[in-house]
Amino acid sequence: MTRPAPIRKPRARSQARIDSILDAARTLLAAEGVASLSIYSVAERAEIPPSSVYHFFASVPALLEGLTADVHAAFRACLQEPIDHDALRDWRDLSRLVEQRMLDIYDEDAAARQLILAQHGLTEVTQADRQHDLELGDLMHTLFDHHFELPRLPMDVDVFALAMELGDRVYARSVQQHGQITPRMAEEGMRVFDAYLGLYLPPYLPKRALSA
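Here the structure is a predicted model, which means the values were calculated and not measured.

S.K.: Tell me about the overall build of the protein chain, and please be specific about residues and values.
M.R.: Looking only at helices and strands, the protein chain features nine helices and zero strands. Expressed along its principal axes, the backbone C-alpha trace of the protein chain runs to roughly 60 × 55 × 35 Å. Counting every position in the protein chain, which comprises 212 residues, the buried fraction comes to 42%. Once local pairs closer than 6 in sequence are excluded, the contacts in the protein chain between residues at least 24 apart make up 72%. Surface exposure of the protein chain reaches about 12,500 Å², of which carbon and sulfur atoms provide 50%.

S.K.: How would you explain the environment of G167 if you had to name every residue and give the values?
M.R.: Looking at where G167 falls in the secondary structure, it is placed in helix α8 (residues 159-178). Residue classification places G167 among the buried residues on the basis of a relative accessible area of 0%. Counting along the chain gives 58 residues from G167 to D109, while the straight-line C-alpha distance between them is 18 Å. Ignoring any residue separated from it by four or fewer positions in sequence, one finds G167 in contact with G189 and V192.

S.K.: Go over the domain arrangement of the protein chain with me, naming the residues and quoting the values.
M.R.: We note that the domain assignment places domain 1 (11-58) and domain 2 (65-199) within the protein chain. The gap between the C-alpha centroids of domain 1 and domain 2 is 27 Å. Between domain 1 and domain 2, the contact holds eight residues from the first and eleven residues from the second. Surface buried jointly by domain 1 and domain 2 totals about 810 Å² across both partners, of which 72% is contributed by carbon and sulfur atoms. Counting the surface domain 1 buries against domain 2, the share from its top three residues, R26, L29 and V34, is 64%. Between the two partners, domain 1 and domain 2, sit two salt bridges. D70 is the salt-bridge partner of R26, the closest N and O atoms lying 2.7 Å from each other. For the interface between domain 1 and domain 2, the tally reads two residue pairs in polar contact (both at pLDDT 80 or more). Residues that form the side of domain 1 that touches domain 2 fall into these classes: six nonpolar, one polar and one charged.

S.K.: Got a sec to walk through the packing of helix α5 (residues 91-108) against helix α7 (residues 123-147)? Specific residues and values, please.
M.R.: Contact geometry of α5 with α7 gives a least axis separation of 10 Å together with a crossing angle of 145°. Two packed elements cross with a definite hand, and for α5 against α7 that hand is right-handed. Judged by residue contacts, W91, L94, S95, V98 and M102 of α5 engage M140, L143, F144 and H147 from α7. Taken together, the residues that form the contact of α5 with α7 break down as seven nonpolar, two polar and no charged.

S.K.: Break down the packing of aromatic side chains for me, with residues and values.
M.R.: In this structure the tally under the stated criterion is five aromatic pairs. Through a chain of ring-to-ring contacts, three or more aromatic side chains come together here, namely F75, Y106 and Y171.

S.K.: Which residues make up the environment of M155, and what are the values?
M.R.: One can find M155 in the loop between α7 and α8. When its relative accessible area of 84% is taken as the criterion, M155 is described as exposed. For the pair M155 and P50, spaced 105 residues apart in the sequence, the C-alpha separation amounts to 46 Å.

Criteria and cut-off values
Residues numbered from 1 in each chain as written. Predicted model: local features only at pLDDT ≥ 70, side-chain atom pairs only at ≥ 80, totals over all residues. Heavy atoms only, no water. Helix = DSSP H or I, 4+ residues; strand = E, 2+ residues; numbered from the N terminus. Buried < 20%, exposed > 50% of the residue type's maximum accessible area, 1.4 Å probe, protein only. Contact = heavy atoms within 4.5 Å. Areas by Shrake-Rupley, 256 points an atom, 1.4 Å probe, with all protein chains shown as cover. Domains from an automatic or database assignment. Buried area = accessible area lost by both parts, 1.4 Å probe. Salt bridge = Lys/Arg side-chain N within 4 Å of Asp/Glu carboxyl O. Polar contact = N/O pair within 3.5 Å; in protein donor to acceptor, adjacent residues only side chain to side chain. Nonpolar A, V, L, I, M, F, W, Y, C, P; charged D, E, K, R; others polar. Axes fitted to C-alpha atoms, helices over the stretch in contact; angles between N-to-C directions. Left-handed = near helix turned anticlockwise from the far one by under 90°. Phe/Tyr/Trp six-rings, centres within 6.5 Å; stacked < 30°, edge-to-face > 60°.

Structure representation (structure tokens):
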């Protein structure tokens, strides 16, 4: 049987070029929004020929998909940061902790707000965001299951992914109205997140006994 060809990672030089392109796009996106982004403006900002941008990203939607993956990598990393198990009184403590970490990313990264929370109407970006949300939902499910004994959850609904999407709807409204996630709307988003999870998680869940 013929084995599939292994997926090759970009060489260091290529990855450095990709990083510089994404950094330039991130800066422009934060300053001017999606509508003003172009391959040529990114190339000018990165101080490279447009052909170099096209080599890695064939279009603006492809570039934005790359940025969306970059943002979600930060979200995945925040779910993998250490958590003080002993400090968790119930599952809501854990939900507040992870939601606050995600809010911190939105607060520090204007490009993340533009891509995920602003109204840009780009189907490719929206689809990429939803796919990444499913991956984040799986990670969050694993995280909650690591700390608490979860009940049986439905197989036909991605409960944790949907909870994040619902919270994001609240954050998106704040960004559209105020240009940022205000403290009041941050609290409302976390309440929506908890309320939806509370449809499937009872008020009290036994904590797991984790070895030191």
